[in-house]
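Chain by chain, the residues run as shown.
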Amino acid sequence: MNIKEQIKNDIYDILKEYIEMEEIIIEKPKDRKMADYALPCFTFAKKMHKSPNDIALMIKENLKGYQTDAINGYLNIFVDKKKLSKMILETIVEQQENYGNNSFGEGKVVAVEYSSPNIAKPFGIGHLRSTVIGNALKNVCLKNGYKVYSINYLGDYGTQFGKLIYAYNHWGDEKALNDKPLDELKRIYVKFHEESSENPELDEEARRIFKQLEDGELEVTALWERFKDYSLKEFQKTYELLGISKFDSYDGESHYKDKMGAVVEELETKNLLEFDDGAQIVRLGDNMNPALIKRSDGGTLYLTRDIAAAIDRKQRFNFDESLYVVGNEQILHFQQLKMVLDKMGYEWGKNIHHISFGMMLQDGKKMSTRQGKTVKLHDVLVEAIDLAKNYIEEKSPNLDNKDEISRKIGVGAVIFNDLKNYRTNDIEFNLEDILKFEGNTGPYIQYTYARINSLLDHKKNININYDNLVVNEYMWNIIFKLYEFSDIIYKTKINFDPSELAKYLIDVAQDFNKLYANEKIVDGEENNSQFKLLICEATSIVIKEGMNTLGIDVLEQM
Ligand code: ARG
C-alpha cells in the first residue's frame, strides 16, 4: 500500500458512517509547501449536513499520525517525512534482496511455460520474447511467494521429423552434423523440400518414416533423439548467454505421443467427438471454429497434444494457475484449448492463461526472417555484445574484464528493450537505440547503478540523526518511489506484464538522477551526507533486485 492509500484508509475509518471509500479523493497539491496531500471536503457537505470546513476540522481532530490543517474546506495533510524516510530506508537495507517480497502467493502453485523452441531449427529471434517474458514472470511469481514450475515445451514432434530423417539418410553429412548440427539439419531439410517438389513420392516416404517414429521403431527413434540432443546443446548456449536458468521440465510435444489416445477416448466417452469428412472434431459453437482432434489419416495434432499436456500439468503440479507465454498469433489456439477443457468438465481450465505478446519488428517489419533466413537469436546477442564492447572501449578503456561487462550490457539491453513495453504491443528492435546510455534503456539503468555503487565507498556505518535533517523534495521523491516497490511487484504479477516493473525501474533511476543532479551527495556535512548515502544504498538495492527479477544483471562498475 502506498502512502496515499494509507491516508485514504485512515480517513475512511473516520467517515465511513457517511460516505463510500470511492468518494475520498486525495490530491497532491502543486505547491508542496502548502501540504503534501490535501482532501477537498466539499462533496461530503450534503450527506453530512455540515459545512466543508467543519468537516475538515472534524477529520483533523480525529486523524492521528499526521500533521493537518483545515483551510477553506480543505484538509491539508503533512506526512512526517523524517520518520517515514527512516522507516523506509532502514527496512530496505535490513531486508536487502528480500525487499519488495509479497506473501499473497504463499501456498499456491504457478506453472509457467515459456521459450518452447522447435528442435532441429535454429533458435530464432521469434522465441526471444517468450523466453524473456516468461523468465521475468517466473521471478515475479517467486517474489510474490508462489511455488513455481518452469516448463520448456519443446517443439519436438510432427511430420517434419519424417522428412528430416529421410533427408539425413540420403544426403546427410556426418561431419557437418557434428560441427554445426543445426545448420546441417537446416540444409538437408531445405534439400528435402527442393527434391520433393519434383518428386512427391518423397512426402509419402516421409510420412511412412514418421509413422515408424510414432510406433517407436528403434533406429528412427535413435536418430530423432540425436537431432534433439544436438538442438538442446545449441539452445543451451543461447540460454547461457541470456542468463536463463534450467527449466524444471523439458517435456515437449513428443512426451505426449502416448497420451493422446486417452484424450481421444475421453472425448468420445463424454460424447464430444464428431466425425467430419473423415476427421474427428469437437464443435465449439457458432462463434468458434471446431477443434480438430484427429486427422482423417489418423494423425494427431498440435491441439490434441496440448490438451494432453494441460491435463498432465494439472496432475503433476496441481497448479492454481497455468501460464503459457506464447505469441499473439496463437490466440485462437489457446481459446480452443480452454473451450475443449471446459466441455470436458475441467473447472481448472479457467486458470489457464495465455500470456500473449506482440511481434518483434525491424524497420516496421516482422523481424523473425531476413531475406527468407531465420534471424538467429545467438547472432543478434553477439552483435549487441560487440556494440557494447565498442562503447566500453571508448568510455572506460581501463576497466578490468571488459568482456564480461560487455556481455552484461549487450544482453541486458536486448532483454530490457523487450520488457519495457506493454507485452501485447509490437516492439521495434534497433540495436543502436537500445544500447544508448540515456533514455529508457537497460544500459541507462545499469549505468545509474554503477554510479551509485561508486558513491557508496564514502558510506560509513553510523547512526543518522534524523532530527537534524531536512528531507527535501528530491530526496522525498526517490525515497517514496522506493517505498512503492512491493506494490509494483504485486501489479506485475496481477497483470502478468513485466513492463510494469521495467517502467518503474526507469522512474527509480530518473528520480535518483534528479537528486544526484541537484544535490551534492557527499557535501562535507557528515550527518547529511550519510543520510544521502543511505538513500543511495537503498536505491541500489531496489535497482539490483528489480533488474535481477527481470532477468538482467547489474554491474558494479562500468
Ligand atoms: N513450439 C511452438 C512454436 O514455436 C510454441 C509452443 C507453444 N506452447 C504450447 N503449449 N502450445 O510455435
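Source: prediction; values computed, not measured.

## Here we look at the side chain of threonine 539
For threonine 539, the position within the fold is in helix H21 (residues 526-550). Assessed through its relative accessible area of 0%, threonine 539 is described here as buried. Discounting chain neighbours no more than four positions away, the residues touching threonine 539 are Ile452, Ile478, Leu482, Val508 and Phe512.

## Digging into the site of the ligand
Close to the ligand lie Glu113, Ser116, Asn118, His127, Tyr153, Tyr302, Asp306, Tyr324, Val326, Gln330 and Phe334. With respect to the ligand, the side chain of histidine 127 contributes an N or O atom lying 2.8 Å from an oxygen atom. The side chain of glutamine 330 places a nitrogen or oxygen atom 3.2 Å from an oxygen atom of the ligand. In this structure, the ligand is accommodated by the largest pocket. Per-class residue counts for the shell around the ligand are five nonpolar, four polar and two charged.

## Points about unusual backbone geometry
Only a minority of non-glycine residues have a phi that is not negative, and only a minority of peptide bonds are not trans. A positive phi is found at asparagine 72, a non-glycine position, where the angle reads about 50°. Inspection of the secondary structure puts asparagine 72 in the loop between strand E2 (67-71) and strand E3 (74-78). Within the chain, alanine 120 stands out as a residue other than glycine whose phi angle is a positive 65°.

## Let's talk about the sheet that holds strand E9 (residues 321-325)
With respect to topology, four strands assemble into an open sheet ordered E5-E4-E9-E10, the strand pairing being parallel. What marks the edges here is a single partner per strand, and that holds for strand E5 (147-151) and strand E10 (352-355). Neighbour-to-neighbour, the strand axes of this sheet turn through a mean angle of 20°, independent of strand direction.

## Some words on the environment of aspartate 276
Along the chain, aspartate 276 falls in strand E6 (residues 273-276). Since its relative accessible area comes to 37%, aspartate 276 is described here as partly exposed. For the pair aspartate 276 and asparagine 472, spaced 196 residues apart in the sequence, the C-alpha separation amounts to 73 Å. Those residues in contact with aspartate 276 that sit more than four places away from it in its chain are Ile281 and Arg283.

Cut-offs used in this document
Residues numbered from 1 in each chain as written. Predicted model: local features only at pLDDT ≥ 70, side-chain atom pairs only at ≥ 80, totals over all residues. Heavy atoms only, no water. Helix = DSSP H or I, 4+ residues; strand = E, 2+ residues; numbered from the N terminus. Buried < 20%, exposed > 50% of the residue type's maximum accessible area, 1.4 Å probe, protein only. Contact = heavy atoms within 4.5 Å. Near = heavy atom within 4 Å. Polar contact = N/O pair within 3.5 Å; in protein donor to acceptor, adjacent residues only side chain to side chain. 1 Å grid on protein atoms, 1.4 Å probe; cavity = no way out; pocket = protein on both sides within 12 Å on 5 of 7 lines; lining within 4 Å. Sits in = over half its atoms within 2 Å of the grid points. Nonpolar A, V, L, I, M, F, W, Y, C, P; charged D, E, K, R; others polar. Pairing = 2+ DSSP bridges. Axes fitted to C-alpha atoms, helices over the stretch in contact; angles between N-to-C directions.

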